[in-house]
Amino acid sequence: MTAPDYTEKIPNNVSLHDDRRLQRALESWQPDFLNWWESMGPALPTQDVYLRTAVNVGREGWAHFGHVPMKDYRWGIFLAERDAGRQVGFGEHKGEPVWQKVPGEYRADLQRLIVIQGDTEPASVEQQRNLGATAPSLYDLRNLFQVNVEEGRHLWAMVYLLHAYFGREGREEAADLLHRNSGSEDSPRILGAFNEETPDWLSFYMFTYFTDRDGKYQLGTLKESAFDPLSRTCEFMLKEEAHHMMVGTTGVDRVVARTAEVMAGSDTEDVAALGVIPLPVIQKYLNFHYSVSLDLFGGETSTNVANYYTAGLKGRWMEDRRKDDHRLTDDSILVDSLDDDGTGEKAIGQTEVSALTGLNTDLRREYIADCQSGVNRWNKILADAGLAYRLKLPHVAFNRKVGAFASIETSPDGEKLSADEWERRKGRWLPTDVDKTHIRSLMQPVYERGKIAAWIAPPRNGINGKPFDYDYVHLA
Ligand SMILES: [Fe+2]
Ligand SMILES: [Fe+2]
């Protein structure tokens, strides 16, 4: 394992200088990336931002903190250290040495998995492009930019794999990752949730809580891959993701805490008039972001995903902690389904399928359990403030566009609704134009050190031991 070389144009720990062709190919992609960053990245002009930059992959001291102009951020290529004895952990190749090259028979599938993951990284930067204009504090502004530069680095991680292992096709896919754009009519991003807007900071916290968390679970399955370079790159990306999760979790914490504080100190239910976000509106944003994120896990059953598993391309969340044979050829799982209730009506039920075809369901359930932990902590904030209101994850069938429930509408409790009823009632469960307009009206920027917008509580801790009132961002 070589130490990353920061004197090089592209910092890396993959000995890029030993492969001149690859180095030249990536160096010719670099200006396209920088052009994309300038035109599609953060729109707010800044001098510099207090950012962490990955400088090593070891357990200790992998990141360096300092004020840097964002366009000079050192996006690099970092893979976790190689474990020379690593073996395939699941599927039909279980127990064989992992692959350092792409096996011909799996080339197309691996490339597809990498492109889909890669597509989400720049997408979120595009979605968050205008948020700087309305940041509630310099601390939050800095966190937004940190997430943005790291998603940019994650794009680099996937582009490295495409360039290094997938030849001309890989290079073309790498170019396309900069040509598709979030929300574009002609060439949208691949997955639905990555074409939605992130127009305000409540959406941003919900996105980093729910949608970035999908990313964490996808990376967790790719970290298990028999294709070792993919595994090692995802392992290191997960390290960076932890901060993104923190931004989402504590962001929603602080919105809930501020509303609870104002509610506890007043006798009116109409807290919108007091400049904070009403709990039912927070619930609507939660409903939206959670349900579109559930769609990211795909259908309840998938033969593609079964094949990926059997081939060793993509494992399960925490594969090595599972107490089974890691081949799953004889196992089954109950998945959500829409069944005939005997009268010709469709009813929400469960169907038993082979464990391999049900792997999307397995991953989605791991994710749902994790999402519940956030809801529990937000409810504890409400309980501690003496409030009776509780937030809730909506039913798995609510507002779904992908999978078994795409063809029906339900309430957040899972009660099946006719199309008319859904149209009439959905405004109670999903953000309406009135809600969105109110949220946007609250989004006034606060760029003064140590100050914060009135709709959100300050964080408990600053970044890297710095206080909340630190000069995290110097605006241009
Ligand atoms: Fe990412
Ligand atoms: Fe992320």
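Residues numbered from 1 in each chain as written. Chains lettered and ligands numbered in written order. Predicted model: local features only at pLDDT ≥ 70, side-chain atom pairs only at ≥ 80, totals over all residues. Heavy atoms only, no water.

### So, the overall build of the protein
Stated formally: Only DSSP runs of H or I covering at least 4 residues are called helices, and only runs of E covering at least 2 are called strands; the numbering of each starts at the N terminus. When we talk radius of gyration, it's over C-alpha atoms, and the globule rule is simply 2.2 Å times the number of residues to the 0.38. In this scheme, a residue with accessible area under 20% of its type's maximum is buried, one over 50% is exposed, and one in between is partly exposed, where area comes from a 1.4 Å probe on protein chains only. By definition in these notes, contact holds between two residues if any of their heavy atoms fall within 4.5 Å. What sets the accessible areas is the Shrake-Rupley method with a 1.4 Å probe; for residues, cover comes only from the shown protein chains. In this charge count, Lys and Arg are treated as positive and Asp and Glu as negative; neither His nor the chain ends contribute. Just so you know, the charge point we use is NZ for Lys, CZ for Arg, CG for Asp and CD for Glu.
On a plain count of helices and strands, the protein comes out with 11 helices and seven strands. Relative to the 2.2 N^0.38 estimate, which gives 23 Å for 476 residues, the radius of gyration of the protein is 23 Å and therefore close to what a compact globule would have. Dimensions of the protein along its principal axes, counting C-alpha atoms only, are 70 × 65 × 40 Å. A total of 476 residues make up the protein; the buried ones form 56% of that total. Of all intrachain contacts in the protein linking residues separated by at least 6 positions in sequence, the fraction that spans at least 24 positions is 72%. Looking at the protein as shown, the accessible area adds up to about 20,000 Å², and 47% of this sits on carbon and sulfur atoms. Between the centroid of the 55 positive side chains of the protein and the centroid of its 72 negative side chains there is a distance of 3 Å.

### Description of the pairing of strand E3 (residues 332-340)
Spelled out, the test is: Strand pairing requires that DSSP identify at least two bridges connecting the strands.
The pairing of E3 with strand E4 (residues 346-354) spans nine bridges and is antiparallel. Directly across from Asp-340, in E4, lies its bridge partner Lys-346. Between E3 and E4, which pair antiparallel one after the other, the connecting turn spans five residues, and Gly-342 there sits at a positive phi close to 100°.

### Quick word on the coordination of the iron ion (ligand 2)
Spelled out, the test is: Water is not among the atoms examined, so metal sites may look incomplete; donors are the N, O and S atoms within 2.8 Å of the metal, or within 3.2 Å for Na, K and Ca.
At this site the iron ion (ligand 2) is bound by Glu-151 (OE), Asp-212 (OD), Glu-241 (OE), Glu-241 (OE) and His-244 (ND1), with donor distances of 2.1 to 2.5 Å. Sequence spacing of the donor residues for the iron ion (ligand 2), all on one chain, is E-x60-D-x28-E-x2-H. Taken as a pair, the iron ion (ligand 2) and the iron ion (ligand 1) show a spacing of 3.5 Å, with Glu-151 coordinating each metal. Of this pair, Glu-151 sits in helix H3 (residues 138-165) while Glu-241 sits in helix H6 (residues 228-264); the two residues are 90 residues apart in sequence, bridging distant segments of the chain. Each of the two residues, Glu-151 as well as Glu-241, counts as buried.

### Some details on the sheet that holds strand E7 (residues 473-475)
The condition is simple: Fitted lines through C-alpha atoms give the axes, limited to the stretch in contact for helices. The angle between two N-to-C directions lies from 0 to 180 degrees.
Strand order in the open sheet made by the three strands is E2-E1-E7, with antiparallel pairing throughout. Only two strands of the sheet have a single partner each, and these edge strands are strand E2 (63-68) and E7. Strand-to-strand, the axes of this sheet are offset by a mean angle of 15°, without reference to chain direction. By the bridge criterion, six bridges tie strand E1 (residues 46-54) to E2 in an arrangement that is antiparallel. In the sheet register, Thr-53 faces E2, and the bridge partner there is His-64. H3 rests against E1, E2 and E7 of the sheet, and its axis sits at about 55° to E1.

### Section: the pattern of salt bridges
Worth spelling out the cut-off: A pair is scored as a salt bridge if a Lys or Arg side-chain nitrogen falls within 4 Å of a carboxyl oxygen belonging to Asp or Glu.
Counted according to the given criterion, the structure contains 27 salt bridges. Salt-bridge contacts for Asp-435 lead to Lys-284; the nearest nitrogen and oxygen are separated by 2.7 Å. Of this pair, Asp-435 sits in helix H11 (residues 433-442) while Lys-284 sits in helix H7 (residues 279-295), and the two are 151 residues apart along the sequence. On the basis of relative accessible area, Asp-435 is assigned to the buried category, the value being 10%. Residue Lys-284 is classed as buried on the basis of its relative accessible area, which comes to 10%. For the salt bridge of Glu-366 with Arg-322, the shortest nitrogen-to-oxygen distance reads 3.5 Å. Of this pair, Glu-366 sits in helix H9 (residues 359-384) while Arg-322 sits in the loop between helix H8 (303-311) and E3; the two residues are 44 residues apart in sequence, bridging distant segments of the chain. One continuous salt-bridge network, built from bridges that share partners, spans Asp-119, Glu-126, Arg-180 and Arg-189.

### Structural notes on the coordination of the iron ion (ligand 1)
Protein ligation of the iron ion (ligand 1) involves Glu-121 (OE), Glu-151 (OE), His-154 (ND1) and Glu-241 (OE), the donor distances falling in the range 2.0 to 2.6 Å. Read in sequence order, the donor residues coordinating the iron ion (ligand 1) give the pattern E-x29-E-x2-H-x86-E. Glu-151 sits in the buried class, given a relative accessible area of 1%.

### Description of the side chain of Arg-316
How we decide: Pairs of N or O atoms within 3.5 Å make up the polar contacts considered here, provided that, within protein, one atom can donate a hydrogen while the other can accept it, and that residues adjacent in sequence are counted only when both atoms are side-chain atoms.
Tracing the sequence through the fold places Arg-316 in the loop between H8 and E3. Reaching out from Arg-316, the side chain makes a polar contact with the side chain of Glu-319 at a distance of 2.6 Å. Sequence-distant contacts of Arg-316, that is, excluding residues within four places in its chain, are made with Gly-220, Thr-221, Glu-224, Tyr-309, Arg-322, Asp-324, His-326, Leu-328, Leu-359 and Asp-362.

### Regarding H3
To be explicit about the condition: The span you would expect from a helix comes to 1.5 Å times its residue count less one.
Its 28 residues give H3 an end-to-end C-alpha distance of 41 Å, which sits within 8% of 40 Å, the value for a rise of 1.5 Å per residue. Its side-chain oxygen at 3.3 Å from the backbone nitrogen of Tyr-139, Ser-137 defines the N-terminal cap of H3.

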